[in-house]
Amino acid sequence: MSTNRTEGRGRRASMGLRDAAAEFVRHPSPWMIGAMLAAAVVARILVGDWQVTDALVPLVALLVFPLVEWVIHVGILHWRPRRIGGLTLDSLLARKHREHHSDPRDVPLVFIPWQTLAWLLPVLVLVAWLVFPRPGLGLTFLVTLGVLGSIYEWTHYLIHTDYRPGSRPYRAVWRHHRHHHFKNEHYWFTVTTAGTADRILGTEPDPATVETSPTARNLHAAR
């Protein structure tokens, strides 16, 4: 269910943060990510063994997260279906993202599909267990991912609601992502930041110099 509302002649009503949060918690992905985060926080406190490297994990994650967002958005979400033999390679994430572009105001399509999280979260726990040299550091990794994942879901969701930007940083992120949906889908791929990975990787043009794409609502359609 969407709480997006309209008033008079199609003009959209402003949404407050309380209303936005009430809708946010009706969807499964925030709860799934939040459950992993809560479990990781409790486990991290119980394990102890705090070291300097525990501070490095969130620092490195914050630095690379915009690049990770960019790579996932370009390489996975904007994946063009391919036929290999008699098999079509087209993931659930890519299919849902095409639906999201088709109707950016359909709230359930804003979130990471719960079917994806159902296998991704256990995989991340396994990675934390196998890759890191000590349990405490692996748990720090999971806590960091839980925080970043929650921020991503909330930010992406809020951009697609009728909540109007107040602060300058959020206004920049809001405008950045809406350019991607309503101006040209070939640019502005980061979601939680503006002018970071896109600037580095050449997908942060001046919007005034970019044509409005006829396929922003229909990804991969012939032009």
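Residues numbered from 1 in each chain as written. Predicted model: local features only at pLDDT ≥ 70, side-chain atom pairs only at ≥ 80, totals over all residues. Heavy atoms only, no water.

Side note on the overall build of the protein
- Along the backbone of the protein there are eight helices and four strands.
- When the helices and strands of the protein are placed in sequence order, the string is β-β-α-α-α-β-β-α-α-α-α-α.
- Expected size for 223 residues packed as a compact globule is a radius of gyration near 17 Å; at 19 Å, the protein falls within 12% of this value.
- Taking all 223 residues of the protein together, the buried fraction comes to 39%.
- Of the contacts made within the protein by residues no fewer than 6 positions apart, 63% connect residues no fewer than 24 positions apart.
- One way to put it: in the protein the 24 positive side-chain charges average out to a point 4 Å from where the 17 negative ones average out. (Helix = DSSP H or I, 4+ residues; strand = E, 2+ residues; numbered from the N terminus. Rg over C-alpha atoms; globule rule 2.2 N^0.38 Å. Buried < 20%, exposed > 50% of the residue type's maximum accessible area, 1.4 Å probe, protein only. Contact = heavy atoms within 4.5 Å. Lys, Arg positive; Asp, Glu negative; His and termini not counted. Charge placed at Lys NZ, Arg CZ, Asp CG, Glu CD.)

Let's talk about a nonpolar patch on the surface
- On the surface, a cluster of nonpolar side chains totalling about 770 Å² of accessible area is made up of Val-52, Leu-56, Leu-59, Val-60, Leu-63, Val-64, Val-68, Ile-72 and Ile-76.
- Following the sequence through the fold, Val-64 ends up in helix α3 (residues 52-77).
- Look at Val-64 and you get partly exposed, because its relative accessible area is 36%. (Patch = residues over 30% accessible without salt bridge, like charges linked within 9 Å, V, L, I, M, F, W, Y side chains within 5 Å. Areas by Shrake-Rupley, 256 points an atom, 1.4 Å probe, with all protein chains shown as cover. Salt bridge = Lys/Arg side-chain N within 4 Å of Asp/Glu carboxyl O.)

Some remarks on the side chain of His-100
- Checked against the element boundaries, His-100 lands in helix α4 (residues 92-102).
- For His-100, the side chain forms a polar contact with the side chain of His-156, separated by 3.2 Å. (Polar contact = N/O pair within 3.5 Å; in protein donor to acceptor, adjacent residues only side chain to side chain.)

Considerations on the environment of Glu-185
- By secondary structure assignment, the location of Glu-185 is in the loop between α7 (168-182) and α8 (197-201).
- Within polar-contact distance, the side chain of Glu-185 engages the side chain of Ser-213 at 2.7 Å.

Some words on the environment of Val-125
- Examined against the element boundaries, Val-125 turns out to sit in helix α5 (residues 114-131).
- A sequence separation of 85 residues divides Val-125 from Ala-40, and the C-alpha atoms of the two residues are 9.3 Å apart.

A look at the side chain of Thr-193
- With respect to the helices and strands, the residue Thr-193 is situated in the loop between α7 and α8.
- Engagement of the side chain of Thr-193 in a polar contact is seen with the side chain of Thr-196, the distance being 2.6 Å.
- In contact with Thr-193, not counting residues within four places along its chain, are Pro-66, Glu-69, Val-173 and His-176.

Considerations on the UniProt feature "transmembrane region" (unreviewed entry) in the protein
- Residues given the UniProt feature "transmembrane region" (unreviewed entry) here are residues 31-47, 59-79, 107-132 and 138-159.
- The span residues 107-132 is 69% helix and 0% strand, and its two end C-alpha atoms sit 36 Å from each other.
- Counted over residues 138-159, helix gives 100% and strand 0%. Its end C-alpha atoms are 32 Å apart. (UniProt positions renumbered as here; feature names shortened; annotations may be inferred.)

Observations regarding α7
- Compared with an ideal rise of 1.5 Å per residue, which puts 15 residues at 21 Å, α7 spans 21 Å between its outermost C-alpha atoms and is within 8% of the ideal.
- Among the residues making up α7, those that are buried are Tyr-170, Val-173, His-176, His-177, His-180 and His-181. Down the axis of α7, the smallest arc covering the buried residues is 135 degrees, so these residues share one side.
- Summarising the contacts, the buried residues of α7 are in contact with α3, α4, α6 (135-159) and α8.
- A distance of 3.3 Å separates the backbone nitrogen of Tyr-170 from a side-chain oxygen at the start of α7, and that oxygen is part of Ser-167. (Expected span 1.5 Å × (residues − 1). Arc of directions from axis to C-beta.)

What to know about α3
- The end-to-end C-alpha separation of α3 is 35 Å, in line with the 38 Å expected for 26 residues at 1.5 Å each.
- In α3, a bend of some 45 degrees at Val-64 exceeds every other bend along the element, and Pro-66, a proline, comes one to four places later.
- Restricting attention to buried positions, one finds in α3 the residues Asp-54, Val-57, Ala-61, Phe-65, Pro-66, Glu-69, Trp-70, His-73 and Leu-77.
- Considering only its buried residues, α3 is in contact with α2 (28-47), α4, α6, α7 and α8. (Bend = angle between axes of the 7 residues up to and from the residue.)

Concerning the confidence of the model for the protein
- Summarising the model, the protein shows a mean pLDDT of 91, and 93% of its residues fall at 70 or more.
- Confidence drops under a pLDDT of 50 for residues 1-11, and excluding neighbours within four residues, the segment shows 26 contacts in the predicted structure. (pLDDT = per-residue confidence, 0-100.)

Section: the packing of aromatic side chains
- All chains considered together, the criterion is met by nine aromatic pairs.
- Where Trp-70 meets Phe-189, the ring centres are 5.8 Å apart and the plane angle is 75 degrees; that geometry is what we call edge-to-face. Remark: Phe-189 occurs in the loop between α7 and α8 and Trp-70 occurs in helix α3; sequence separation between them is 119 residues. Here Trp-70 and Phe-189 have matching classes, each one buried.
- With a centroid separation of 5.9 Å and 50 degrees between ring planes, the pair formed by Tyr-163 and Tyr-170 is classed as tilted.
- You can call Tyr-170 buried: its relative accessible area is 13%. (Phe/Tyr/Trp six-rings, centres within 6.5 Å; stacked < 30°, edge-to-face > 60°.)

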